Structures are given as C-alpha cells and as structure tokens.
Amino acid sequence: QVQLVESGGGSVQAGGSLRLSCSASFSVYIMGWFRQAPGKEREFVAAIRWSDDSTYYSNPVKGRFTTSRDNAKNTVYLQMNSLKPEDTGVYYCATTRLWYTDRERNYDYWGQGTQVTVSS
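Residues numbered from 1 in each chain as written. Predicted model: local features only at pLDDT ≥ 70, side-chain atom pairs only at ≥ 80, totals over all residues. Heavy atoms only, no water.

Trainee: Talk me through the layout of surface pockets; I want residue IDs and the actual numbers.
Mentor: Size it by volume and the largest pocket reaches roughly 150 Å³. Residue lining of the largest pocket: Arg-35, Gln-36, Ala-37, Lys-40, Glu-41, Glu-43, Pro-85, Glu-86 and Thr-88, and that is the complete set. (1 Å grid on protein atoms, 1.4 Å probe; cavity = no way out; pocket = protein on both sides within 12 Å on 5 of 7 lines; lining within 4 Å. Points joined across faces, edges and corners; volume = space filled by probe spheres on them.)

Trainee: Let's hear about the packing of aromatic side chains: which residues, and what values?
Mentor: All chains considered together, the criterion is met by 9 aromatic pairs. Pairing Tyr-56 with Trp-99 gives two aromatic rings, centres 4.8 Å apart and planes at 90 degrees, and the pair type is edge-to-face. Of this pair, Tyr-56 sits in strand β6 (residues 55–57) while Trp-99 sits in the loop between β9 (89–96) and β10 (114–119), placing them 43 residues apart in sequence. The class of Tyr-56 is buried, set by a relative accessible area of 9%. (Phe/Tyr/Trp six-rings, centres within 6.5 Å; stacked < 30°, edge-to-face > 60°. Helix = DSSP H or I, 4+ residues; strand = E, 2+ residues; numbered from the N terminus. Buried < 20%, exposed > 50% of the residue type's maximum accessible area, 1.4 Å probe, protein only.)

Trainee: Can you tell me about the state of the cysteines, naming the residues and giving the values?
Mentor: Counted by the stated rule, this structure contains 1 disulfide. Residue Cys-22 pairs covalently with Cys-93 via a disulfide, S to S 2.0 Å. Its S-S torsion of about 65 degrees marks the bond between Cys-22 and Cys-93 as right-handed, since a negative value means left-handed. Here Cys-22 is found in strand β3 (residues 18–24), whereas its partner Cys-93 is found in strand β9, with 71 residues between them in sequence. By relative accessible area, Cys-22 is classed as buried at 0%. (Disulfide = S-S within 2.5 Å.)

Trainee: Quick rundown of the side chain of Thr-95? Include the residues and the values.
Mentor: Tracing the sequence through the fold places Thr-95 in strand β9. For Thr-95, a relative accessible area of 4% corresponds to the buried category. In terms of polar contacts, Thr-95 uses its side chain to reach the side chain of Asp-108, at 2.6 Å. Look past the residues within four positions of Thr-95 in its chain and what remains in contact with it is Leu-4, Phe-26, Val-28, Ile-30, Met-31, Asn-106, Tyr-107, Asp-108 and Tyr-109. (Polar contact = N/O pair within 3.5 Å; in protein donor to acceptor, adjacent residues only side chain to side chain. Contact = heavy atoms within 4.5 Å.)

As structure tokens, this is what we get:
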C-alpha cells in the first residue's frame, strides 16, 4: 500500500522550533515539502533527493529550515527553526521523480498533512 504518514506538527511561539516527520511505505526518489496557509494556495517549501542528499529550499525558509532523511527508517524530516507566524499552515510531504521542481502537479503521492501554528 502506497502511504506517506506525517507527524510532528503542533503549536509553538515565534522563534521556536518544530520537527516534522514523513514516513514512506515505498521507495522514494525525491521527497518534497509543501505548506498551505489559511486562505492561500499551497506552496513549495523544500525537497531532498534520496540518492545523494541534495536539497533545495524556497526563499522564505532558506537558512531556517532543514530537510534530511533516515534511510533505515525510510523517513524524511523537516527541521524548522526560528519559526515565524507566517510559517503557520498545514504542511505536506509528497514524492516526485523530478528534481528541482516546485510544481504540485509534478508530485504524485501526498501525505495527509500536519498542522503547524506559530503564535506571535
């Protein structure tokens, strides 16, 4: 069964940290992270390539967020530091076979999403 299971969301004050996890039931080539704030479109956050740990980030999170993977657990993480209220939203992990793409339509399997709330 193809499944992505996310965990780790929650509420935190501005300046705090959270770590999200995304566990896959299948082999992953590239894992991406997206988020959707209330009333806004879903936007790309970060991605990691399984083969060589290459990563890239959107400008709003660059320098604050880090994505990594645990091969043994088939799990990807999104470490979020120095959180801001504008980071609030539902965060999704998703898989793709295309590198360096931030387009939702290029991602095939999606997690259920986890809520992140940052208060000022």
